Amino acid sequence: MKKISILIPCYNEEENVVPMSEAVVDTLEKELPDYDYELLFIDNDSKDDTRPLLRKICAKNAKIKAIFNAKNFGQFNSPYYGILQTSGDCVISMVCDFQDPIELIPQYVKEWEKGYKIVIGIKTSSKENPIMYFLRGIYYKVIKKVSDIEQIEHFTGSGLYDRDFVEVLRDLKDPTPFLRGIVAELGYKRKEIPYEQPKRRAGKTHNNFYRLYDAAMLSFTSYTKIGLRLATFLGVFCGGISALIGLIYLVLKLVLWDNFAAGMAPVLIGMFFLGSIQLFFLGFIGEYILSINQRVMNRPLVIEEERINFDVREEKDE
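Owing to the predicted nature of the structure, the values given are computational and were not obtained by experimental measurement.

Draft legend 1. Region of interest: the overall build of the chain. Scanning the chain for helices and strands turns up 11 helices and 8 strands. Counting over 318 residues, the chain shows a buried share of 44%. Here the contacts in the chain between residues at least 6 apart in sequence split such that 83% fall between residues at least 24 apart. A total accessible area of about 17,200 Å² is found for the chain, and carbon and sulfur atoms account for 61% of it.

What follows is the structure, encoded as structure tokens:
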């Protein structure tokens with residue numbers, strides 16, 4: 001009997017973990033009765049009652065497991081690490097707030113049985129804030145345009161990954177993994193399933209500006225050279241303009257002598273302009289250096305505080 005693993009990362013989801021576990025188990029037992037399953041929650045150091053509720057859920061069903069992170073290790077490391085801890089023939093990753101529809105699970109498995117090692121959900125529309133959806137669309141198009149690697153528009157990470165691909169992820173040993181980019185760059189032939197993203201069932205989103213910026217920068221620094229190339233080309237262009245202006249001023253000064261009284265305003269304007277360009281690209285290049293630094297340090301993805309319903313044999317295999 002094949003085994004399906006369902007991974008659900010969570011952070012402060014006390015209102016959603018119980019209904020999510022019930023919905024997933026109900027779907028698996030009713031629509032996929034010929035498969036064994038495990039449901040793994042990985043909690044990223046929640047501060048509400050998420051962990052006590054997960055303990056109760058795991059106590060009622062031995063097939064439901066939980067990993068409690070010692071600290072919050074970010075929105076990318078925790079799910080990636082969780083995928084590596086699953087034991088099924090495939091793993092399906094879904095968010096805990098019901099914005100990845102439960103109805104996708106049987107569809108994912110159906111396409112997997114047809115031979116696809118990767119089956120992913122693609123948002124074709126969303127009931128979220130229309131402005132945010134529009135801005136996300138622009139971001140996806142920009143990153144797709146400037147990236148050297150194929151990028152998948154409106155792919156959030158939800159999908160089914162065959163055990164073979166999970167082993168590819170395990171061998172990468174990337175301390176700052178960006179799953180969406182890895183699927184596009186290194187993944188097998190995939191099947192894409194369109195869906196409309198619903199609103200959160202309950203609670204508030206934790207994707208503030210900093211988290212969204214972090215995701216955008218990780219994507220840019222991992223899969224594009226555009227920042228560095230712009231810094232080079234614009235630097236050369238501005239340097240050439242500055243040299244030309246300096247030459248013109250020198251000629252005018254030599255020819256007109258004291259009659260030349262253009263003042264220092266153009267020079268100051270040019271200095272401030274060039275200074276702002278330099279500061280901007282220093283920050284941009286700094287993002288690349290930060291990404292390199294994180295990878296060079298090669299720190300662990302996650303440090304566990306506790307795991308529940310993992311037997312001794314499974315713990316040794318890890």
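Draft legend 2. Just the pattern of salt bridges, in detail. Under the definition given, this model contains 16 salt bridges. Across the pair arginine 51 and glutamate 305 runs a salt bridge whose closest N-O atoms are separated by 3.3 Å. Of this pair, arginine 51 sits in helix H2 (residues 50–60) while glutamate 305 sits in strand E8 (residues 304–308), and the two are 254 residues apart along the sequence. For arginine 51, a relative accessible area of 11% translates into the label buried. Note that arginine 55 is salt-bridged to glutamate 306, the shortest N-O span being 2.8 Å. Of this pair, arginine 55 sits in helix H2 while glutamate 306 sits in strand E8, placing them 251 residues apart in sequence. On the accessibility criterion, arginine 55 (38% relative accessible area) is partly exposed. For glutamate 306, a relative accessible area of 27% corresponds to the partly exposed category.

Draft legend 3. How the structure looks around the packing of aromatic side chains. Per the stated rule, a full pass over the model turns up 3 aromatic pairs. A ring pair is formed by phenylalanine 76 and phenylalanine 178, whose centres lie 5.4 Å apart and whose planes are at 75°; its orientation type is edge-to-face. Residue phenylalanine 76 is found in helix H3 (residues 74–84), and its partner phenylalanine 178 is found in the loop between helix H6 (163–172) and helix H7 (179–186); the two are separated by 102 residues along the sequence. The same class applies to phenylalanine 76 and to phenylalanine 178, which are both buried. Aromatic side chains tyrosine 161 and phenylalanine 165 sit 5.8 Å apart centroid to centroid with 35° between the ring planes, which places their arrangement in the tilted category. According to the relative accessible area criterion, tyrosine 161 is buried, its value standing at 0%. Residue classification places phenylalanine 165 among the buried residues on the basis of a relative accessible area of 0%. It is lysine 65 that lies over the ring of phenylalanine 310; its NZ or CZ is 4.9 Å from the centre. Above the face of the tyrosine 188 ring, lysine 117 is positioned so that its terminal group lies 5.5 Å from the ring centre.

Draft legend 4. The arrangement of H3 in detail. Within H3, 9 of the 11 residues are buried, which leaves the element mostly enclosed by the surrounding structure. Among the residues making up H3, those that are buried are Phe76, Asn77, Ser78, Pro79, Tyr80, Tyr81, Gly82, Ile83 and Leu84.

Draft legend 5. Inspection of the sheet that holds strand E5 (residues 118–126) at higher detail. Spatially, E7-E5-E6-E4-E1-E2-E3-E8 is the arrangement adopted by the 8 strands of the open sheet, whose pairing is mixed. The open sheet has two edge strands, strand E7 (190–197) and E8, and neither has a second partner. Geometrically, the sheet is characterised by an average inter-axis angle of 20° between neighbouring strands, direction not taken into account. In the sheet, strand E2 (residues 36–43) pairs with strand E3 (residues 64–69) via 5 bridges, with the strands oriented parallel.

Draft legend 6. Local environment of the environment of alanine 23. Among the secondary structure elements, alanine 23 is positioned in helix H1 (residues 17–31). Beyond its immediate sequence surroundings of up to four residues, alanine 23 is in contact with Phe98 and Ile102.

Draft legend 7. Representation of a nonpolar patch on the surface. On the surface, a nonpolar cluster with roughly 460 Å² of combined accessible area is contributed by Ile131, Phe134, Leu135, Ile138 and Val142. Take isoleucine 131: it is sitting in helix H5 (residues 130–146). Given a relative accessible area of 56%, isoleucine 131 falls into the exposed group.

Draft legend 8. Layout of the nonpolar core. Membership of the largest hydrophobic core comes to 36 residues, with the highest contact counts inside it found for Ile6, Val24, Phe41, Ile92 and Ile105. Mapped onto this core, the elements with two or more residues apiece are strand E1 (3–10), H1, E2, H2, E3, strand E4 (90–93), helix H4 (104–113) and E7. With residues near it in sequence (within four places) discarded, isoleucine 105 still touches Ile6, Val24, Leu28, Leu32, Ile92 and Met94. One finds Leu7, Tyr80, Leu84 and Leu179 within the second-largest nonpolar core, a separate group that totals 25 residues.

Draft legend 9. Structural context of the pairing of E5. Extensive coverage of E5 is indicated by the burial of 7 of its 9 residues. Taken together, the 3 bridges between E5 and strand E6 (residues 159–162) define a ladder with antiparallel strand orientation. Along E6, the bridge assignment pairs isoleucine 118 with tyrosine 161. Pairing geometry for E5 and E7, over 8 bridges, is parallel. Following the sheet pairing, serine 125 is matched in E7 by glutamate 196.

Draft legend 10. Region of the structure containing the side chain of arginine 307. Note that arginine 307 resides in strand E8. Using a relative accessible area of 18% as the deciding quantity, one classes arginine 307 as buried. Here the side chain of arginine 307 touches glutamine 85 through a polar contact of 3.2 Å, side chain to side chain. Only 2.6 Å separates the side chain of arginine 307 from the side chain of glutamate 304, close enough to count as a polar contact.

Procedures and definitions
- Residues numbered from 1 in each chain as written.
- Predicted model: local features only at pLDDT ≥ 70, side-chain atom pairs only at ≥ 80, totals over all residues.
- Heavy atoms only, no water.
- Helix = DSSP H or I, 4+ residues; strand = E, 2+ residues; numbered from the N terminus.
- Buried < 20%, exposed > 50% of the residue type's maximum accessible area, 1.4 Å probe, protein only.
- Contact = heavy atoms within 4.5 Å.
- Areas by Shrake-Rupley, 256 points an atom, 1.4 Å probe, with all protein chains shown as cover.
- Salt bridge = Lys/Arg side-chain N within 4 Å of Asp/Glu carboxyl O.
- Phe/Tyr/Trp six-rings, centres within 6.5 Å; stacked < 30°, edge-to-face > 60°.
- Lys NZ or Arg CZ within 6 Å of the ring centre and 35° of its normal.
- Pairing = 2+ DSSP bridges.
- Axes fitted to C-alpha atoms, helices over the stretch in contact; angles between N-to-C directions.
- Patch = residues over 30% accessible without salt bridge, like charges linked within 9 Å, V, L, I, M, F, W, Y side chains within 5 Å.
- Core = buried A, V, L, I, M, F, W, Y, C linked by side-chain atoms within 4.5 Å.
- Polar contact = N/O pair within 3.5 Å; in protein donor to acceptor, adjacent residues only side chain to side chain.

By themselves, these are just geometric observations and shouldn't be taken as functional.
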